[in-house]
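Chain and residue survey
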Amino acid sequence: MADKYKVPETHPDFKLNKRYFSNAELYQVAYSFIKEGEPFEERIGSFILDWIKPGSTIEVQTSGSTGTPKKIRIKKEYMINSALATSKFFDLPEKTTALMCLPADFIAGKMMLVRAMVLGWHLDLVPPSSNPLDQVFKRYDFCAMTPFQLDNSIGRLHLIQKLIVGGGAVSPRLQKMVRGLETKVFETYGMTETVTHIAAKRINPKKKKKQPRPFKVLPNINISQDERGCLVIKAPKLADEPIITNDIVEILTYKKFIWKGRIDNMINSGGIKLFPEEIERKLEKIIDQRLFVTSMPDDALGEKLVLFVESDFSEEILSDLQERISKLKSLDKYEVPKKIYLIEKFEETPNGKIHRENTVKSKVD
């Protein structure tokens, strides 16, 4: 039987690049994007056509958060539910002005379009780039960026009222840079399988706290842990089945959790369990360059902790790093790297995350 599901008509307040569009009119826009648009507009056009045409699902490429990157199909109904939850959680009603600076290849970009069409936002498009606000000269209520884009946009962030940051952890250095800004900046937690974020936390709150701030879950989300201590997400409005993640968490309440790291990155060094992401957060307070910690085989310990820093090599830099690390009080003695590698350029995944495994393989004999 043919899948005849039809998405609802676009919200009457929906605007794209300052113009109102119905579903029928969006067809024409999508076709012109595909035929005559820039490459980023072609992808937007393809998604809009997929969205409007009869059929209950959309094909989406996962980023690999819960395993090997793959193509999956997500129900359009779940994408609508996700948009409604975002609107409620962040208080983003109809006529919200929003800027889309993410590619429509991945779920984050697709969902910006869905939110605008479903919620009645006024959405403007700019080419996805590392400096998305460079050619922007008006203020927006809402925007979504990657940490890399945020890093390059600090000087113009006053143009955005609320910003969500996803696709990678926000480093302590970045958190320090947004402190005191008027823009409300939120780090999000989520993945393709949960139709983007299911939790968020403000990273530049007015009130400062010594303890790490927890993620707070969006409406209609239930969280628990499995026997490994990893997060299990029950989101009946977003997914058919509970989603079992590889993220080790500490659950504080039924609505709040602290993310500790990924179980597949966990290191067992001489019987001590080490979480690279926790160690990285401590090291990022004293090291400005991109970095990550991982393990290498060791005869005595089984696995030894090593640190990779994106930097040109010099003995001076190396000894300076070793000295600073030795003075870092928050670092447990087991969390001190046994060796430091300076790497000129890290390998990256297609969506800009550090590819740890390939970096280690390509740079270390």
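For the structure, check the block above.
A brief report on the enclosed structure follows. All values reported here derive from a predicted model rather than from experimental measurement. (Residues numbered from 1 in each chain as written. Predicted model: local features only at pLDDT ≥ 70, side-chain atom pairs only at ≥ 80, totals over all residues. Heavy atoms only, no water.)

Here the focus is the packing of aromatic side chains. A full pass over the atoms with the stated rule returns eleven aromatic pairs. Considering the side-chain rings of F89 and F90, the 4.9 Å spacing of their centres and the 75° angle between planes classify their relative orientation as edge-to-face. Under the relative-accessibility criterion, F90 is labelled buried at 4%. Look at Y189 and F257: their rings are 5.5 Å apart centre to centre, the planes differ by 80°, and that puts the pair in the edge-to-face class. Residue Y189 is located in strand β9 (residues 184–191), and its partner F257 is located in strand β15 (residues 256–262); the two are separated by 68 residues in the primary sequence. As far as burial versus exposure is concerned, Y189 and F257 are alike and both buried. Here a set of aromatic residues connected by ring pairs shows up, and it is made of F89, F90, W121, F142 and F186. Over the face of the ring belonging to F215 we find K201, whose NZ or CZ atom lies 4.8 Å from the ring centre. (Phe/Tyr/Trp six-rings, centres within 6.5 Å; stacked < 30°, edge-to-face > 60°. Buried < 20%, exposed > 50% of the residue type's maximum accessible area, 1.4 Å probe, protein only. Helix = DSSP H or I, 4+ residues; strand = E, 2+ residues; numbered from the N terminus. Lys NZ or Arg CZ within 6 Å of the ring centre and 35° of its normal.)

We now examine the pairing of strand β18 (residues 291–298). Bridge count for β18 against strand β19 (residues 302–310) is eight bridges, and the pairing is antiparallel. By the bridge assignment for β19, D298 is matched with G302. (Pairing = 2+ DSSP bridges.)

Below, the discussion takes up the nonpolar core. With 65 residues, the main nonpolar core has L16, W51, M79 and Y189 as its most contacted residues. Considering each element in turn, this core owes the most residues, eight residues, to helix α4 (residues 107–119). Listed in part, the 20 residues of the second largest apolar core include C101, L133, V170 and I203. (Core = buried A, V, L, I, M, F, W, Y, C linked by side-chain atoms within 4.5 Å.)

With that settled, the discussion passes to the pattern of salt bridges. This structure, assessed with the given rule, holds 22 salt bridges. Linking K327 and E323 is a salt bridge whose minimum nitrogen-to-oxygen distance equals 3.1 Å. For K327, a relative accessible area of 57% gives the class exposed. A salt bridge links E348 to K345; its shortest N-O distance comes to 3.3 Å. We classify E348 as partly exposed; its relative accessible area is 39%. The network of salt bridges with common partners includes R290, E310, K345 and E348. (Salt bridge = Lys/Arg side-chain N within 4 Å of Asp/Glu carboxyl O.)

Below, the discussion takes up helix α3 (residues 76–90). The first and last C-alpha atoms of α3 sit 21 Å apart over 15 residues, in line with the 21 Å expected at 1.5 Å per residue. Counting buried positions over the 15 residues of α3 gives eleven, a clear majority of the element. Among all positions in α3, only K76, Y78, M79, I80, N81, S82, A83, A85, T86, S87 and F90 are buried. A positive backbone phi angle near 55° is found at D91, which sits one or two residues after α3. (Expected span 1.5 Å × (residues − 1).)

Next up on the list: the sheet that holds β18. Here we have three strands laid out as an open sheet, ordered β18-β19-β20, and mixed in their pairing. Strand pairing shows two members of the sheet lacking a second neighbour, β18 and β20 (339–343), which therefore form its edges. Neighbouring strand axes in the sheet, compared pairwise and without regard to direction, differ in orientation by 30° on average. In the sheet, β19 pairs with β20 via five bridges, with the strands oriented parallel. Bridge assignment links V309 to a residue of β20, and that residue is L342. Sheet contacts for helix α7 (residues 276–283): β18 and β19; angle to β18, the most-contacted strand, approximately 130°. Against the sheet, helix α8 (residues 315–326) touches β19 and β20, its axis set at about 135° to β20. (Axes fitted to C-alpha atoms, helices over the stretch in contact; angles between N-to-C directions. Contact = heavy atoms within 4.5 Å.)

Right, let's talk about a positive patch on the surface for a bit. Among the surface-exposed residues, K207, K209, R213, K216 and K256 lie close enough to one another that they form a single positively charged patch. Position of K256 relative to the elements: it lies in strand β15. (Patch = residues over 30% accessible without salt bridge, like charges linked within 9 Å, V, L, I, M, F, W, Y side chains within 5 Å. Areas by Shrake-Rupley, 256 points an atom, 1.4 Å probe, with all protein chains shown as cover. Lys, Arg positive; Asp, Glu negative; His and termini not counted. Charge placed at Lys NZ, Arg CZ, Asp CG, Glu CD.)

That's the geometry; what it means functionally is another story.
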